[in-house]
Amino acid sequence: MIAPYADGEPVRPTSIAVPRGSSTVLRIVLGAQLRRLRERRQITLEAAGHAIRASHSKISRMELGRVSFRTRDVADLLTLYGVTDEEDRQALLALVERANVTGWWHNYNDILPSWFETYVGLEESATGIRNYEVQFVPGLLQSEDYARAVVRLGFPNAPAAEIERRVQLRMARQRLLHNPDPPHLWAVLDEAVLRRPLGGAEVMRGQIDHILQALELPNVTVQIVPFNVGGHAAAGGPFSILRFSQPDLPDVVYMEQLTSAVYLEKRDDVERYLEVMERLCIEAEPATRTREILTRIREEL
């Protein structure tokens with residue numbers, strides 16, 4: 001039995017069904033559940049923090065899915081929020097265990113900054129990934145040699161072993177495109193991405209071959225924005241939009257910087273970027289011409 005809330009309406013925890021079990025996403029889902037339960041009981045962050053012997057800022061980080069969860073803390077919060085039905089409690093407590101399981105990318109903690117670790121976890125659970133790139137081929141479409149050239153450009157003083165570790169991480173991320181239930185990757189590339197012979201002409205030809213091979217997958221779409229378009233909608237630079245099947249997870253816009261990243265989740269921000277992405281797809285050459293364009297550029301290298 002769930003205790004009634006201030007408005008007289010009993011609210012049970014939302015049914016949880018996450019097709020991709022990334023710990024990053026599961027933490028966000030669990031945090032959203034806890035936030036909803038707290039708000040419906042009109043309990044402050046401070047009061048919730050006191051119940052688990054913590055600060056209000058920790059409750060805020062928990063609700064945003066930015067920290068790991070302790071089973072005892074979640075159990076105490078569920079009691080505070082009036083969730084006493086054993087089936088409901090066990091469903092959420094079981095989610096704690098799943099949310100704390102480390103993902104495969106944790107094996108790369110030595111080279112994976114926390115701001116990018118979040119992205120890899122979100123990417124692993126996305127049902128749709130949309131990229132716009134102006135300088136580099138998206139990581140999920142990079143060949144090994146091209147990825148090595150990109151990594152060397154970003155880390156010119158790194159030892160060879162570290163370079164290879166970073167390349168291995170990028171190649172490991174690409175496995176999700178071949179999963180039984182893969183996300184749909186839709187990349188829009190400025191023509192400059194393909195004209196810039198990063199790593200040399202031979203590496204670039206191999207990269208184009210890699211994209212052509214990726215296009216054999218039914219879940220990969222690539223469009224190219226030609227030079228003759230001139231200025232276009234995304235004058236601000238590259239960005240990615242991640243979409244999820246879980247209703248507790250809004251679309252996320254990701255923009256990478258040199259030493260950090262920006263994540264946008266507010267509806268107005270996301271809708272703005274979705275509009276820009278749609279305009280880019282209209283301005284770009286249709287996907288049916290991508291093979292022809294790639295083949296022509298390859299021959300010209």
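Keep in mind that this is a model prediction, so the values were computed, not measured.

A few words now on the packing of helix H7 (residues 144-154) against helix H8 (residues 160-173). Orientation of H7 relative to H8, taken along the N-to-C sense of each, is 130 degrees, at an axis distance of 9 Å. In terms of axis orientation, H7 runs oblique to H8. Both H7 and H8 take part in a crossing whose hand is right-handed. Each of Glu 144, Ala 147, Arg 148, Val 150, Val 151 and Arg 152 in H7 lies in contact with H8, whose residues at this interface are Ile 163, Glu 164, Arg 166, Val 167, Arg 170 and Met 171.

Moving on to the environment of Met 204. With respect to the helices, strands and loops of the structure, Met 204 is situated in helix H10 (residues 201-214). Expressed as a C-alpha distance, the spacing of Met 204 and Asp 251, which sit 47 residues apart in the sequence, is 32 Å. For Met 204, the residues in contact, after removing those within four places along its chain, are Tyr 146, Val 193, Leu 194, Arg 196, Pro 197, Leu 198 and Leu 301.

What follows concerns the side chain of Arg 27. The residue Arg 27 is located in helix H1 (residues 23-40) in this model. Buried charge without a salt bridge: Arg 27, with Glu 117 as the nearest opposite-charge side chain at an N-O distance of 5.4 Å. There is a polar contact of 3.4 Å between the side chain of Arg 27 and the backbone oxygen of Gly 65. Among all residues touching Arg 27, those that are not within four sequence positions of it are Met 62, Gly 65, Val 67, Ser 68, Phe 69 and Ala 99.

All right, on to the layout of surface pockets then. For the largest pocket, the calculated volume is near 1100 Å³. Together, 35 residues line the largest pocket, and Phe 136, Val 150, Arg 170, Glu 256 and Gln 257 are the ones closest to its centre. Every element with two or more residues in the lining of the largest pocket is listed here: helix H6 (114-125), strand E1 (128-133), H7, H8, strand E4 (239-243) and strand E5 (252-256). Among the residues making up the lining of the largest pocket, the classes are represented as 22 nonpolar, seven polar and six charged. Roughly 580 Å³ of internal volume is contained in the second largest pocket. Forming the walls of the second largest pocket are 22 residues, and the residues nearest its centre are Ile 28, Leu 64, Gly 65, Arg 66 and Glu 265. Taken together, the elements giving at least two residues each to the lining of the second largest pocket come down to H1 and H6.

For Arg 267, the location among the structural elements is in helix H11 (residues 267-283). In the structure, Arg 267 is positioned 59 residues away from Ile 208 in sequence and 36 Å away in space, judged by C-alpha atoms.

What follows is about the packing of H1 against H6. Put simply, H1 and H6 touch, their axes get as near as 7 Å, and they point 90 degrees apart. In terms of orientation, H1 lies roughly perpendicular with respect to H6. Counting all contacts with H1, which are made through Thr 24, Val 25 and Ile 28, the residues of H6 involved are Glu 117, Thr 118, Gly 121, Leu 122 and Ser 125. Its residues assigned to classes, the contact of H1 with H6 shows three nonpolar, four polar and one charged.

This model, assessed by the stated rule, comprises nine aromatic pairs. Feature note: the residues Trp 115, Phe 116, Tyr 119, Tyr 254 and Tyr 263 constitute an aromatic cluster, connected by ring pairs. The aromatic ring of Trp 186 is capped on one face by Arg 130, whose charged end is 4.7 Å from the ring centroid. Against the face of Trp 104 rests Arg 175, its NZ or CZ located 5.6 Å from the ring centre.

Conventions used here
Residues numbered from 1 in each chain as written. Predicted model: local features only at pLDDT ≥ 70, side-chain atom pairs only at ≥ 80, totals over all residues. Heavy atoms only, no water. Axes fitted to C-alpha atoms, helices over the stretch in contact; angles between N-to-C directions. Helix = DSSP H or I, 4+ residues; strand = E, 2+ residues; numbered from the N terminus. Parallel < 35°, antiparallel > 145°, perpendicular 65-115°, else oblique. Left-handed = near helix turned anticlockwise from the far one by under 90°. Contact = heavy atoms within 4.5 Å. Buried < 20%, exposed > 50% of the residue type's maximum accessible area, 1.4 Å probe, protein only. Lys, Arg positive; Asp, Glu negative; His and termini not counted. Salt bridge = Lys/Arg side-chain N within 4 Å of Asp/Glu carboxyl O. Polar contact = N/O pair within 3.5 Å; in protein donor to acceptor, adjacent residues only side chain to side chain. 1 Å grid on protein atoms, 1.4 Å probe; cavity = no way out; pocket = protein on both sides within 12 Å on 5 of 7 lines; lining within 4 Å. Points joined across faces, edges and corners; volume = space filled by probe spheres on them. Nonpolar A, V, L, I, M, F, W, Y, C, P; charged D, E, K, R; others polar. Phe/Tyr/Trp six-rings, centres within 6.5 Å; stacked < 30°, edge-to-face > 60°. Lys NZ or Arg CZ within 6 Å of the ring centre and 35° of its normal.

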